[in-house]
Amino acid sequence: MKTDTLIIGGRSYASRLIIGTGKYSDLEVMRRAVEASGTALVTVAVRRVDLTRRGEESMLDVLTAAGVAILPNTAGCYTAEEAIRTARLAREAGLSDLIKLEVIGDPKTLFPDNEGLLQATRILVKEGFVVLPYTNDDLIVARRLRDAGAAAVMPLAAPIGSGLGIQNTTNLEILLEEIRDIPVIVDAGVGTPSDAAIVMEMGADGVLMNTGIAGAGDPVKMARAMRLAVEAGRLGREAGRIPRKLHATASSPPGGLIR
């Protein structure tokens, strides 16, 4: 379906669900979860993977065999300089010029450093990267990232790995309403399929998650559940919900009743 296609920086992806590759018990579980999710794009933390390692036990080879595109991630970077250096390393290693940009400002909450994020975005865009910055649910910051050339913005729903779901619905609704010229992909905090469906029903262009799948009791089943939830939420958004009313309305017309 055309509406299921996610377009980022002129590139088309057949799924609106993006998943991470960390926290799985082993590579086989990760591979099966990736397959069950139907994702076309997976994140890889550049600083936490051996880019030179190849062969049967290599994460990169497993992902290549699965036929998914790789989205390098600057996870673990606490300054703009670190993030820029990590992005350059990913491109030099042949991963991609697509980059999920993280500049962390606080080690406990993992909230982003907005000043460093903007600085790194501007530099990487000038160097030809397709930048997807992880940010907070702040409309003003999202606008500035867009104006700096970001190909998408990725606001959090809740702290990374928390599984709390959407914690500030109002902020996210405002952001989704105002940022429509580039994709808005909700990143972090999704814990259940219902969280994912709600995010999509609100109008998000996609969802990125890792712990919600990898940390589940059965990651493969959860991956499939998240896939179905994202699809259902998107279809529900496009279909248009009925208006909310205080009183009941009969499903069958009152006229023509059999007496």
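Above: the structure in question.
One structure accompanies this document, and this report is about it. (Residues numbered from 1 in each chain as written. Predicted model: local features only at pLDDT ≥ 70, side-chain atom pairs only at ≥ 80, totals over all residues. Heavy atoms only, no water.)

Quick notes on the packing of aromatic side chains
Note the cut-off: Two aromatic rings, drawn from Phe, Tyr or Trp (for Trp, its six-membered ring), form a pair once their centres lie within 6.5 Å of each other, and the interplanar angle then sorts them: stacked below 30 degrees, edge-to-face above 60, tilted otherwise. Two thresholds decide whether a charge sits over a ring: the Lys NZ or Arg CZ must be within 6 Å of the ring centre and within 35 degrees of the ring normal.
With the rule as written, the count across this model stands at zero aromatic pairs. Against the face of Phe129 rests Arg91, its NZ or CZ located 3.8 Å from the ring centre.

A short note on the pattern of salt bridges
Counted only if it meets this: The term salt bridge refers to a side-chain nitrogen of Lys or Arg lying within 4 Å of a carboxyl oxygen of Asp or Glu. Secondary structure elements follow DSSP: runs of H or I no shorter than four residues count as helices, runs of E no shorter than two count as strands, and numbering proceeds from the N terminus. Remark: exposure states derive from per-residue accessible area (1.4 Å probe, protein chains only) relative to the maximum for the residue type, with buried under 20%, exposed over 50%, and partly exposed in between.
Applying the stated rule across the entire model yields 13 salt bridges. A salt bridge links Arg47 to Glu82, with the nearest nitrogen and oxygen atoms 3.5 Å apart. Taken as a pair, Arg47 in the loop between strand S4 (41-45) and helix H2 (59-66) and Glu82 in helix H3 (residues 80-92) lie far apart in primary sequence, 35 residues in all. Residue classification places Arg47 among the partly exposed positions, given a relative accessible area of 45%. The structure contains a network of salt bridges with shared partners spanning Glu28, Arg31 and Glu35.

Notes on H2
The periodicity of an α-helix, 3.6 residues per turn, causes residues three or four places apart in sequence to face the same way. Applicable threshold: What the arc measures is the spread of directions leading from the helix axis to the C-beta atoms. Whether two residues are in contact is decided by their heavy atoms: any pair within 4.5 Å suffices. What qualifies as a polar contact is a pair of N or O atoms within 3.5 Å, subject to a donor-acceptor requirement within protein and to the restriction that residues adjacent in sequence count only when both atoms come from side chains.
Among the residues of H2, Met59, Leu60, Val62 and Leu63 are the ones counted as buried. For H2, the angular spread of buried residues about the axis comes to 160 degrees, placing them on one side. Counted as exposed and oriented over 90 degrees from the buried face of H2: Thr64 and Ala65. Where H2 is buried, its residues touch helix H1 (27-37), S4 and strand S5 (69-73). By the N-cap criterion, in which a side-chain oxygen at the helix start approaches the backbone nitrogen of a residue two or three places on, H2 is capped by Ser58, the distance to Leu60 being 3.3 Å. Directly after H2, the chain includes Gly67, whose backbone phi takes a positive value near 75 degrees.

Focus on the pairing of S4
Heads up, the condition is: Strand pairing requires that DSSP identify at least two bridges connecting the strands.
Most of S4 is tucked away, with five of its five residues classed as buried. Residues of S4 alternate between two faces, with Leu41, Thr43 and Ala45 on one and Val42 and Val44 on the opposite face, all of them buried. Relative to S5, S4 runs parallel, the two sharing five bridges. Looking at S5, one finds that Thr43 is bridged to Leu71.

Here's the deal with the environment of Met209
Note that Met209 resides in strand S10 (residues 206-209). The exposure class assigned to Met209 is buried, which follows from its relative accessible area of 3%. Residues Met209 and Gly161, 48 residues apart in the sequence, show an inter-C-alpha distance of 8.6 Å. In this structure, Met209 is in contact with Leu17, Ile18, Ile19, Gly20, Val190, Ala196 and Met226, ignoring residues within four places of it in sequence.

So, helix H6 (residues 169-178)
Every buried residue of H6 is listed here: Leu172, Leu175 and Leu176. The buried residues of H6 occupy one face: seen down the axis, they fall within an arc of 95 degrees. Buried-residue contacts for H6 involve helix H5 (139-147), strand S8 (154-155) and strand S9 (185-187).

Examining the packing of H1 against helix H9 (residues 219-239)
Test applied: Throughout, an axis means a line fitted to C-alpha atoms (over the contacting stretch in the case of helices), and angles, computed between N-to-C directions, take values from 0 to 180 degrees. Should an angle fall under 35 degrees it is taken as roughly parallel, and over 145 as roughly antiparallel, whereas 65 to 115 is taken as roughly perpendicular and any remaining angle as oblique. Handedness of a helix crossing follows the sense of rotation of the near helix relative to the far helix, less than a right angle counterclockwise being left-handed and clockwise being right-handed. Gly is placed with the polar residues, together with every amino acid not listed as nonpolar (Ala, Val, Leu, Ile, Met, Phe, Trp, Tyr, Cys and Pro) or charged (Asp, Glu, Lys and Arg).
Between H1 and H9, the least distance of the axes is 7 Å, while the angle of their chain directions is 20 degrees. By the criterion of interaxial angle, the relationship of H1 to H9 is roughly parallel. For the element pair H1 and H9, the recorded crossing hand is right-handed. Across the interface between the two elements, Val29, Arg32, Ala33, Glu35, Ala36 and Ser37 of H1 pack against Pro219, Val220, Ala223, Arg224 and Arg227 of H9. Partitioning the contact of H1 with H9 into residue classes produces six nonpolar, one polar and four charged.

Some remarks on the side chain of Thr121
Along the chain, the position of Thr121 falls in helix H4 (residues 114-126). A polar contact is formed between the side chain of Thr121 and the backbone oxygen of Leu117, at a distance of 2.8 Å. Ignoring anything within four residues of it in the chain, the contact list for Thr121 reads Leu101, Val131, Pro133, Leu145, Ala148 and Ala150.

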